[in-house]
Amino acid sequence: MISIDRPSRTADLGDVRVANRAAVLRHLRLHAPCSRADVAARTGLNKATVSSLVGELIEHGLLRETGLTENRVGRPATMLVLDGSRYAGLGLRIGADELVVVAVDLAGERVLTWRRAFATATAGPDETVAALAALARRAINRVTGAGRTVLGLTVGVPGPVDGDGVVPAAPALGWRNVPLAAALRRALRDPGFPIGVDTDANLAVSAELRHGPYAGTADLVHLTGGPTVGVVSGGRLLRGGRGFAGEIGHLPVLPDGPACGCGRRGCLAALVGVDAVVRRLLPDAAQDGPVTDHLPEIERIQALARAGDDPVRTGLTEVGRQLGRAVCVLVDLLDPEVVVLGGHLAALAPWLLPAVRAELADRTLTPPPVAQVEASTLGSEASALGGATAALATVEAGHLPAA
Ligand SMILES: [Zn+2]
């Protein structure tokens, strides 16, 4: 469940004007540049209301006039676009081996993307929060130094999150009951904007829904080989009753497969998770101790696959087949249009996808056409990007920034 630790401010949720502002912003996001008359025609709001809302949104730095005009019969119309210059949202991700921060402006442009290798499980929660806060502070300084105001910050973690921003269990990080939202707020000395925490899979699929090549697809699944799958169904994020939906990492795929951290064998995570893939394809990787940064190892696997290394190619086909079994379950259960592979699965997609697609075509019970399976183009920072986008949600929902 997403948890927003919001400074006290009266939320006029029932306000029609709030809803109308949101409608104008949404229209501009999807169709800009457009004129006030276009906005009125397409949103169903009357022209006077649109003029008043646009004036207010320009005044608050959420929209701007481009100076371009559209030639029509009668008066030329001034064109409007979202104004990215005044505000930004921050998204962070805590991975087992990295910390990532992304900032996005209101026009959807990435302002910055930074990654830092970090052994989270070894460091423990306190040190991780300190490192995360240091990274966030640098990003905040960069964003505010460029004249923007930070509207919010959302952190993605590989595990479920409760309504108070507490992470009850994230085995990939070695965490139990970590009050992340509160700890980060303290470490950032109450920065005056909302701090949210969400499961990284939810943020990653939200990023795909907004920024990826399949943006706007109503039924979308995002899979990384991590513990959770991100699901958008009917255009909405699927959270489940308590916000813990999507825990697919321990789906049994191979009854006598390799041992899994959960005590069973052949779970999906034990076959296609980043650790499992590195261990399987690079038997020498852990020679000098446990792998603390997977990125260089994944790059080595890519290089070997490109060079036609037989064991690596065969291994990747096998990983693809096992992943395909889980994709089948998801397709039969959720009937998505597109299944997006993220994280290391995206990096290795050229060698995984043929086997995943073949397995899906063989096994799925849903009538054709079979769901598309594609690699994410958003990179391993998809969930941080989703976090940055989530941090803008309050303003996109029509609430004016306090600044
Ligand atoms: Zn397991």
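Below: a short report on this structure.

Conventions used here
- Residues numbered from 1 in each chain as written.
- Predicted model: local features only at pLDDT ≥ 70, side-chain atom pairs only at ≥ 80, totals over all residues.
- Heavy atoms only, no water.
- Helix = DSSP H or I, 4+ residues; strand = E, 2+ residues; numbered from the N terminus.
- Rg over C-alpha atoms; globule rule 2.2 N^0.38 Å.
- Buried < 20%, exposed > 50% of the residue type's maximum accessible area, 1.4 Å probe, protein only.
- Contact = heavy atoms within 4.5 Å.
- Areas by Shrake-Rupley, 256 points an atom, 1.4 Å probe, with all protein chains shown as cover.
- Lys, Arg positive; Asp, Glu negative; His and termini not counted.
- Charge placed at Lys NZ, Arg CZ, Asp CG, Glu CD.
- Disulfide = S-S within 2.5 Å.
- Donors = N, O, S within 2.8 Å, 3.2 Å for Na, K, Ca; no water.
- Tetrahedral: all angles 85-135°; square planar, octahedral: opposite > 155°, others 65-115°.
- Pairing = 2+ DSSP bridges.
- Axes fitted to C-alpha atoms, helices over the stretch in contact; angles between N-to-C directions.
- Expected span 1.5 Å × (residues − 1).
- Arc of directions from axis to C-beta.
- Polar contact = N/O pair within 3.5 Å; in protein donor to acceptor, adjacent residues only side chain to side chain.

### Examining the overall build of the protein
When you go through the protein residue by residue, the secondary structure sums to 14 helices and 16 strands. For the protein, whose C-alpha radius of gyration is 22 Å, the value lies close to the compact-globule estimate of 22 Å for 403 residues. The dimensions of the protein, computed from C-alpha atoms along their principal axes, are 70 × 50 × 40 Å. Here the protein holds 403 residues, and the buried ones make up 50% of them. Partitioning the intrachain contacts of the protein with sequence separation of at least 6 by distance along the chain shows that 61% fall at a separation of at least 24. Carbon together with sulfur atoms contributes 51% to the accessible area of the protein, which is approximately 17,900 Å² in total. Across the protein, the 40 positively charged side chains and the 41 negatively charged ones have centroids separated by 5 Å.

### Focus on the environment of Tyr-214
Residue placement: Tyr-214 occurs in the loop between α6 (200–211) and β12 (220–223). Counting along the chain gives 79 residues from Tyr-214 to Asp-293, while the straight-line C-alpha distance between them is 30 Å. Excluding anything up to four places from it in sequence, Tyr-214 contacts Glu-208, Leu-220, Val-338, Val-340, Gln-372 and Glu-374.

### Thoughts on the state of the cysteines
Counting across every chain of the model gives zero disulfides. The cysteine Cys-328 is free of any disulfide, with Cys-267 supplying the nearest cysteine sulfur at 18 Å. Among the residues examined, Cys-328 registers a relative accessible area of 5% and is labelled buried.

### Side note on the coordination of the zinc ion
Looking at the zinc ion, one finds its protein donor set to be His-250 (ND1), Cys-260 (SG), Cys-262 (SG) and Cys-267 (SG), positioned 2.0 to 2.3 Å from the metal centre. Each of the four donor atoms around the zinc ion contributes to a set of angles spanning 99 to 118 degrees, which defines the coordination as tetrahedral. Read in sequence order, the donor residues for the zinc ion give the motif H-x9-C-x1-C-x4-C. One end of the pair, His-250, is in the loop between β14 (236–237) and α7 (268–272); the other, Cys-267, is in the loop between β14 and α7, and 17 residues separate them in sequence. Under the relative-accessibility criterion, His-250 is labelled partly exposed at 33%.

### Focus: the sheet that holds β14
What the five strands build is an open sheet, ordered β14-β13-β12-β15-β16; its pairing is mixed. Single-partner strands in this sheet number two, and they are β14 and β16 (372–375). Relative to β14, strand β13 (residues 230–233) runs antiparallel, the two sharing two bridges. Looking at the pairing, Val-232 lines up with Leu-237 of β14. Against the sheet, helix α10 (residues 310–334) contacts β12, β13, β15 (338–341) and β16, and its axis sits at roughly 155 degrees relative to β12. Across the sheet, helix α12 (residues 349–363) is in contact with β15 and β16; its angle to β16 comes to roughly 170 degrees.

### Structural notes on helix α3 (residues 47–59)
In this model, α3 (13 residues) spans 18 Å end to end at C-alpha, consistent with the 18 Å of a helix rising 1.5 Å per residue. Taken residue by residue, α3 has Val-50, Leu-53, Val-54, Glu-56 and Leu-57 as its buried positions. One face of α3 carries all of its buried residues, which in axial projection span an arc of 165 degrees. Those residues of α3 that are exposed and angled more than 90 degrees off the buried face are Lys-47, Ala-48 and Glu-59. Of the residues flanking the start of α3, the one acting as N-cap is Asn-46, its side-chain oxygen 3.1 Å from the backbone nitrogen of Ala-48. Where α3 terminates, the next one or two residues include Gly-61, which has phi positive at roughly 75 degrees.

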